[in-house]
Amino acid sequence: MIQVEKLCKSFTLHNQGGAVIPVMQDAEFAVAPGECVGLIGASGAGKSTLMRMLYGNYLAASGHIRIGGVDVARAEPREILALRRDRLGYVSQFLRVVPRVSTLDVVAEPLLRTGCGAQSARARAQELLERLNIPRHLWTLSPTTFSGGEQQRVNIARGFAYAYPALLLDEPTASLDAGNREVVLALIEEAKARGAAIVGIFHDEAARHRVCDHEVDVTRFTPGLA
Amino acid sequence: MNVSAYNFAYLDEQTKRMIRRAILKGLAIPGYQVPFASREMPMPYGWGTGGVQVSAAVLVPEDTFKVIDQGADDTTNAVSIRRFFEKTAGVAVTEDTARASVIQTRHRIPEMPLRADQILVYQVPIPEPLRFLEPSEVETRKMHSLEEYGLMHVKLYEDISQHGAIATAYAYPVKVEGRYVMDPSPIPKFDNPKLTMDAIQLFGAGREQRIYALPPHTRVVSLDFEDFPFEASKADHACDLCGAGDSYLDELIVDDAGGRLFMCSDTDYCTTRRAAGHVGAQGVPVKEDVA
Amino acid sequence: MTPLLQVEAVSKFYGARIGCADVSFDLYPGEVMGIVGESGSGKSTLLNCLAGHLQPDAGAVRFDTRAEGLRDTITMSEPERRMLGRTDWAFVHQHARDGLRMNVSAGGNVGERLMAVGARHYGDIRNSATDWLGRVEIAADRIDDRPSAFSGGMQQRLQIARNLVTGPRLVFMDEPTGGLDVSVQARLLDLMRGLVREMGLSAIIVTHDLAVVRLLADRLMVMKDGHVVETGLTDQVLDDPQHGYTQLLVSSVLQV
């Protein structure tokens, strides 16, 4: 489902003397449907960079990222947009939403974008918010004012609302209490069971061991470190 | 005044030719505003300089000329224009609608149906019906040429939303032969249905330098909405002097107690009816009136 | 899939000075593209060339018309282009007063495009106007008020309603949130996002506000001195800018 080949990345800082900073070289790994791969490596090794490249958020310099029939490394913007709409989900560490939009709508949005009816989208959103213990009286409010943990759970609910065949999870259990952590891990297991290919970054070692089938040490791809 | 010092009907022949060309073009494209080189006339703008130039261009020595202002032959404006052509053209003048061959008018169409051998000349203050909503001349010209007339209905929409009905009572916009939207000059909308007639109608705007025309029998439709159809309204009354129930009426306050009198705005129509023996609610037989 | 708009090598010069040069891109149905750049970068010139307000000196702007498929809007006749302008296209100006008739009521402003395409039933027009005022969150009892009595944000929302009432497929927006308070901007952005999704609109938004494009645009085009220096997915261009100018632009935004 997800296949990374010879992936390279460097940053060119045009406004700082044109400094070129290579950050990734020849990254290679694959994730099969129903499989979860954990990215490991020291802070700064490039886990988040790799994750962002998988999502098309960072531009690959060379190589291939094949996800759901699209090579993210060289696809047109609209192909990536379509991929993100119905094949590739991403739970980032930070919630980024339009102010003023209700929590319920924030969570239902990925479903609405795939053409799902408003009613069933909201029903699914309610179900997830319920599971993730977001108090019902907050549902109609914008999550921008929520606590960090609440925002994180809203973000997770949004990421799991639609059953993406491929899913990227950046620290999904960070800043969660034991109960909510358990809910998130269950969600990941359910996604695997339905055949989703998942790439995740988990600092929470116990969580990683529980849900990940393989680990990929990103340090191997870090230029100068390998 | 040494009248012989002037050319027939005041304007020189070159100017008249120029105006006649504009008139012919106007007749060929009904409702289209033809620009023309309006001349300085010995009267101020707003006193009918456009109408006077059109009249001057169409008058021939055999014509009989009539001038009406708001339906009346005896207002200052009507009298001075009539005298102007009496002096400069030496044409016969009349107050009798049936006898006139050229009628210059401000704000009315005579009640009596006009004939094919008559010409009705309108004085027009602002010829552009789109002007109040679109200040740019370049844009209004483009709108005419591309038949973009949605804006005209915006004006009527505003009327209904503010007054509950189309409150535009005069200068009511019309569409000519399904093509040009035209301002019929500030005639009451009561007169709009009469715009389709046997006579030639010519419109002259002196300050704005535009001439437009309606050939005989031109189809002229007043704009409206399906659910707010056009109505040619008038005061719900009969003329108090001649009893006519089908004419456009002026309302006069006749005393300090708020007494009112409704009378035909078309003075010739009223006089003619009274001479024929018709008497209204407050009228007196015409013989005693003369005495 | 046919692009809704196909822009090919569009250039516009003001004498020797470059307005915009050699701009090409395809816009697909449902896509929202942002154009950013500083003042004088040519983004407004480009927008006006695309929307038919300016005649480009070179290039083609092909629009997927309902009747005949892709047509070059630069070479089509003016009546056709103006017809597009009041049916399939919409243009939201930065200053609401440029896009509204200030001496006409809110209802008349919304109804104008309907009447322009032949609506002649007052009741129907008024119902549509009321419906659209509701969709842009203007109370129905303000329908007979003139826009001059509205706040800046309301005027901008009214302008949007007036533009969308005929169900256009492509909306051009020139700094739609410029000059509005931040809180008012957020409300407007939210509203526009909802409308874009519900109506399946395509839009081209010119702005210098990177936050606006991040929230509204799928794709981004960065302009400098009349040239396109970078294009791509909005989040990719903003988070991993490739061109020196874009890097400067992104790093110049004050963080809150």
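Further up the page is the structure itself.
Computed from a prediction, not measured in an experiment: that's the story for all the values here.

Draft legend 1. Examining the overall build of chain A more closely. The helix and strand inventory of chain A stands at seven helices and nine strands. Radius of gyration (C-alpha) of chain A: 18 Å, near the 17 Å computed for a compact globule of 226 residues. Each principal axis of the C-alpha distribution contributes one length, and for chain A these read about 50 × 35 × 35 Å. The buried share of chain A, taken over its 226 residues, is 52%. Partitioning the intrachain contacts of chain A with sequence separation of at least 6 by distance along the chain shows that 67% fall at a separation of at least 24. Accessible surface, chain A as shown: approximately 9700 Å² in total, 50% of it carbon and sulfur. Measuring between centres, the 25 positive side-chain charges of chain A sit 5 Å from its 24 negative side-chain charges.

Draft legend 2. Inspection of the pairing of strand β11 (residues 249-253) of chain B at higher detail. Both β11(B) and strand β12 (residues 260-264) of chain B contribute to a ladder of five bridges, which runs antiparallel. The residue bridging B:Glu251 from the neighbouring strand is B:Phe262, located in β12(B).

Draft legend 3. Molecular detail of helix α4 (residues 137-145) of chain B. All buried positions along α4(B) are accounted for by B:Thr140, B:Met143 and B:His144. The buried residues of α4(B) occupy one face: seen down the axis, they fall within an arc of 100°. On the buried face of α4(B), the contacting elements are α5 (150-163) and β7 (180-182) of chain B together with α2 (78-86) of chain C. Two or three places before B:Val138, at the opening of α4(B), B:Ser136 has a side-chain oxygen 3.4 Å from that residue's backbone nitrogen. Within two residues after α4(B), B:Glu147 carries a phi angle of roughly 55°, on the positive side.

Draft legend 4. Layout of the pairing of strand β3 (residues 32-36) of chain C. Residues and elements named next belong to chain C. The element β3 is extensively covered by neighbouring structure, given that five of its five residues are classed as buried. Alternating residues of β3 divide into Val32, Gly34 and Val36 and Met33 and Ile35, and every residue in both groups is buried. Note: β3 against strand β9 (residues 219-224), four bridges, orientation parallel. Note on β9: the bridge partner recorded for glycine 34 is leucine 220.

Draft legend 5. Just the sheet that holds strand β1 (residues 34-35) of chain B, in detail. Residues and elements named next belong to chain B. Strand order in the open sheet formed by seven strands is β1-β9-β8-β5-β4-β2-β3, and the pairing between neighbours is mixed. Every other strand in the sheet has two partners, leaving β1 and β3 (92-93) as the edge strands with one partner each. The sheet contact formed by strand β2 (residues 64-69) and strand β4 (residues 102-106) spans five bridges and is parallel. Counterpart to isoleucine 68 in the pairing with β4 is threonine 105. Lying on the sheet, helix α3 (residues 76-88) is in contact with β2, β3, β4 and β5 (119-123); it crosses β2 at an angle near 160°.

Draft legend 6. View of the nonpolar core. All names here are of chain A. The biggest cluster of nonpolar side chains holds 108 residues, and the ones touching the most others in it are Phe160 and Ile188. In this structure phenylalanine 160 touches Arg124, Leu128, Leu167, Leu169, Leu187, Ile188 and Ala191, once residues within four positions along its chain are discounted. Judged by nonpolar contacts, the second largest core, of 37 residues, contains Val72, Ala197, Ile201 and Phe221.

Draft legend 7. View of the pattern of salt bridges. Counted by the stated rule, this structure contains 54 salt bridges over all chains. Across the salt bridge formed by C:Arg82 and B:Glu139, the nearest N and O atoms sit 2.9 Å from each other. Here B:Glu139 lies in helix α4 and C:Arg82 lies in helix α2, a pairing that spans two chains. Here C:Asp88 makes a salt bridge to C:Arg66, at a shortest N to O gap of 2.4 Å. Of this pair, C:Asp88 sits in the loop between α2 and β6 (89-92) while C:Arg66 sits in the loop between β4 (58-65) and β5 (69-72), and the two are 22 residues apart along the sequence. The class for C:Asp88 is buried, based on a relative accessible area of 5%.

Draft legend 8. Looking closely at the environment of B:Thr271. Residues and elements named next belong to chain B. The residue threonine 271 is located in helix α6 (residues 267-275) in this model. The class for threonine 271 is partly exposed, based on a relative accessible area of 44%. Residues threonine 271 and leucine 241, spaced 30 residues apart in sequence, show a C-alpha to C-alpha distance of 9.0 Å.

Draft legend 9. Helix α4 (residues 118-131) of chain A, seen in detail. For α4(A), with 14 residues, the first-to-last C-alpha span of 20 Å sits near the 20 Å given by 1.5 Å per residue. Among the structural elements, α3 (103-113), α5 (148-161) and α6 (178-193) of chain A are those in contact with the buried residues of α4(A).

Draft legend 10. Representation of the interface of chain B and chain C in the model. The interface of chain B with chain C comprises 22 residues on the first partner and 22 residues on the second. Inspection of the region where chain B meets chain C yields five salt bridges. Between chain B and chain C we count 14 residue pairs in polar contact (both at pLDDT 80 or more) in total. Considering every element that reaches the side of chain B that touches chain C, the biggest residue donor is α5(B), with nine residues. Its residues assigned to classes, the side of chain B that touches chain C shows ten nonpolar, four polar and eight charged.

Draft legend 11. Representation of the sheet that holds β4(C) within the structure. Residue and element names in this part refer to chain C. Ordered in space as β2-β1-β4-β5, the four strands form an open sheet in which the pairing is antiparallel. The open sheet has two free edges, formed respectively by β2 (17-27) and β5, since each of these has just one partner strand. Shown here is a sheet whose adjacent strand axes are inclined to one another by a mean of 20°, direction ignored. Pairing between strand β1 (residues 5-14) and β4: five bridges, direction antiparallel. When the bridges of β4 are listed, glutamine 6 appears paired with arginine 62. The sheet contacts of helix α1 (residues 43-50) involve β1, β2 and β4, and relative to β1 the element is tilted by about 120°.

Draft legend 12. Spotlight on the interface of chain A and chain C. At the junction of the two partners, chain A supplies 25 residues and chain C supplies 24 residues. There are five salt bridges connecting chain A and chain C. A salt bridge links A:Glu109 to C:Arg197; the shortest N-O distance between them is 3.9 Å. Counting across the chain A and chain C interface gives eleven residue pairs in polar contact (both at pLDDT 80 or more). At five residues, helix α2 (residues 77-86) of chain A tops the list of elements feeding residues into the side of chain A that touches chain C. Of the residues contributing to the side of chain A that touches chain C, the split by class is twelve nonpolar, five polar and eight charged.

Cut-off values and rules
- Residues numbered from 1 in each chain as written.
- Chains lettered and ligands numbered in written order.
- Predicted model: local features only at pLDDT ≥ 70, side-chain atom pairs only at ≥ 80, totals over all residues.
- Heavy atoms only, no water.
- Helix = DSSP H or I, 4+ residues; strand = E, 2+ residues; numbered from the N terminus.
- Rg over C-alpha atoms; globule rule 2.2 N^0.38 Å.
- Buried < 20%, exposed > 50% of the residue type's maximum accessible area, 1.4 Å probe, protein only.
- Contact = heavy atoms within 4.5 Å.
- Areas by Shrake-Rupley, 256 points an atom, 1.4 Å probe, with all protein chains shown as cover.
- Lys, Arg positive; Asp, Glu negative; His and termini not counted.
- Charge placed at Lys NZ, Arg CZ, Asp CG, Glu CD.
- Pairing = 2+ DSSP bridges.
- Arc of directions from axis to C-beta.
- Polar contact = N/O pair within 3.5 Å; in protein donor to acceptor, adjacent residues only side chain to side chain.
- Axes fitted to C-alpha atoms, helices over the stretch in contact; angles between N-to-C directions.
- Core = buried A, V, L, I, M, F, W, Y, C linked by side-chain atoms within 4.5 Å.
- Salt bridge = Lys/Arg side-chain N within 4 Å of Asp/Glu carboxyl O.
- Expected span 1.5 Å × (residues − 1).
- Nonpolar A, V, L, I, M, F, W, Y, C, P; charged D, E, K, R; others polar.

Any link to function would need more than the numbers given here.
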